[in-house]
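Reading the structure
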Amino acid sequence: PISRIPMTLTINATEHALELDPRTTLLDALRNHLGLTGSKKGCDHGQCGACTVLVNGRRINSCLSLAAQHEGDEITTIEGLADGDQLHPVQAAFVAHDGFQCGYCTPGQICSAVGMLEEIRAGWPSHASTDVAARPDALSDAEIRERMSGNICRCAAYPNIVAAIRDAAKEV
Ligand code: FES
């Protein structure tokens, strides 16, 4: 029999008490044990970014992280970004720019973009950095592509994804 361990995860500002196999990834905990299926499983190997969520405001691949490591963390998923009926500015920009085709990668793209804009505000450099630290409104397309390179879109909706993020950067 598989032994389970108790844990409490704080997701989208709500605490959830769970008993899980300690090998359960954060992604599987979200999708299979909490019904939060917005985060997607593309590769389960840290290669596609479809599972991206925010942990204490920083983006991670939830398929590469064990749920048990995240007791006490603030986890935000795509389900927690909107404020009631008010979309998060990054969500609204993806709608306005049609930043998706099949939509499978979209929750990860959006969570990743939210984390990325925060990284810029915090002054984190990227390989394509110009002088945009603390100036997300001056982001070049090259820098957006570099910073979003962990999120794959098999439909190749990249031009619209980049346009959405360029716009959202002015507002967030
Ligand atoms: Fe996690 Fe692909 S499912 S990176």
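Just so we're clear, the structure is a prediction, and the values are computed from it rather than from any experiment.

What about the sheet that holds strand β5 (residues 74-76)?
Strand order in this open sheet of five strands is β2-β1-β5-β3-β4, and the pairing throughout is mixed. Edge positions in the sheet fall to β2 (14-20) and β4 (58-61), since each has one partner strand and no second. For this sheet, the mean angle separating the axes of adjacent strands, direction not counted, is 40 degrees. The pairing of strand β1 (residues 5-11) with β5 spans two bridges and is classified as parallel. In the strand pairing of β5, isoleucine 11 is matched with isoleucine 75. On top of the sheet, helix α3 (residues 106-121) reaches β3 (52-55) and β4; it is set at about 40 degrees to β3, its chief contact.

Points about the environment of leucine 27
Structurally, the position occupied by leucine 27 is in helix α1 (residues 26-33). Take leucine 27: its relative accessible area is 0%, and that puts it in the buried class. Separated by 17 residues in the primary sequence, leucine 27 and aspartate 44 have C-alpha atoms spaced 8.8 Å apart. Contact partners of leucine 27, with chain neighbours within four places excluded, come to Ser39, Lys40, Lys41, Asp44, Cys51, Ser62 and Cys63.

So, the pairing of β2
Looking at chain direction, β1 and β2 are connected through seven bridges and run antiparallel. Across the sheet, residue threonine 8 finds its bridge partner in β2, namely alanine 17. Between β1 and β2, which follow one another and run antiparallel, lie two residues, and asparagine 12 among them has a positive phi close to 50 degrees.

As for α3
Quick reminder: α-helices carry 3.6 residues per turn. Residues three or four places apart thus point the same way. When the terminal C-alpha atoms of α3 are compared, their 23 Å separation across 16 residues agrees well with the 22 Å that a helix rising 1.5 Å per residue should span. Where burial is concerned, most of α3 is hidden: 14 out of the 16 residues are buried. Immediately downstream of α3, the backbone of glycine 123 shows phi near 85 degrees, a positive value.

Quick look at the pattern of salt bridges
Pairing between side chains becomes possible if they bear opposite charge and their charged atoms approach one another. Going through the model one piece at a time under the given rule, you end up with eight salt bridges. Ionic pairing is found between arginine 59 and glutamate 119, a salt bridge with its closest N-O pair at 2.8 Å. Placement of the pair is arginine 59 in strand β4 and glutamate 119 in helix α3, with a sequence separation of 60 residues. With a relative accessible area of 10%, glutamate 119 lands in the buried category. Its salt-bridge partner being arginine 121, residue glutamate 118 comes within 3.0 Å of it at the nearest N-O pair. Of this pair, glutamate 118 and arginine 121 both sit in helix α3, three residues apart, which is roughly one turn of that helix.

A closer look at unusual backbone geometry
The phi torsion at asparagine 12 lies on the positive side, around 50 degrees, for a residue other than glycine. As for its placement among the helices and strands, asparagine 12 is situated in the loop between β1 and β2.

Some words on the domain arrangement of the chain
Assigned domains within the chain: domain 1 (5-80) and domain 2 (89-171). On a C-alpha basis, the centroid separation for the pair domain 1 and domain 2 is 22 Å. Across the contact, 16 residues belong to domain 1 and 17 residues belong to domain 2. For the pairing of domain 1 and domain 2, the buried interface totals around 1300 Å² over both sides, and the portion due to carbon and sulfur atoms is 57%. A per-residue breakdown of the area domain 1 buries against domain 2 is headed by Lys40, Arg59 and Ile78, which together make up 45% of the total. At the surface where domain 1 touches domain 2, the tally comes to one salt bridge. Summed over the shared surface of domain 1 and domain 2, the number is eight residue pairs in polar contact (both at pLDDT 80 or more). Residue assignment for the side of domain 1 that touches domain 2 shows that the elements contributing at least two residues are β3 and β4. The leading source of residues in the side of domain 1 that touches domain 2 is β3, at three residues.

What counts, and where the lines are drawn
- Residues numbered from 1 in each chain as written.
- Predicted model: local features only at pLDDT ≥ 70, side-chain atom pairs only at ≥ 80, totals over all residues.
- Heavy atoms only, no water.
- Pairing = 2+ DSSP bridges.
- Helix = DSSP H or I, 4+ residues; strand = E, 2+ residues; numbered from the N terminus.
- Axes fitted to C-alpha atoms, helices over the stretch in contact; angles between N-to-C directions.
- Contact = heavy atoms within 4.5 Å.
- Buried < 20%, exposed > 50% of the residue type's maximum accessible area, 1.4 Å probe, protein only.
- Expected span 1.5 Å × (residues − 1).
- Salt bridge = Lys/Arg side-chain N within 4 Å of Asp/Glu carboxyl O.
- Domains from an automatic or database assignment.
- Buried area = accessible area lost by both parts, 1.4 Å probe.
- Polar contact = N/O pair within 3.5 Å; in protein donor to acceptor, adjacent residues only side chain to side chain.

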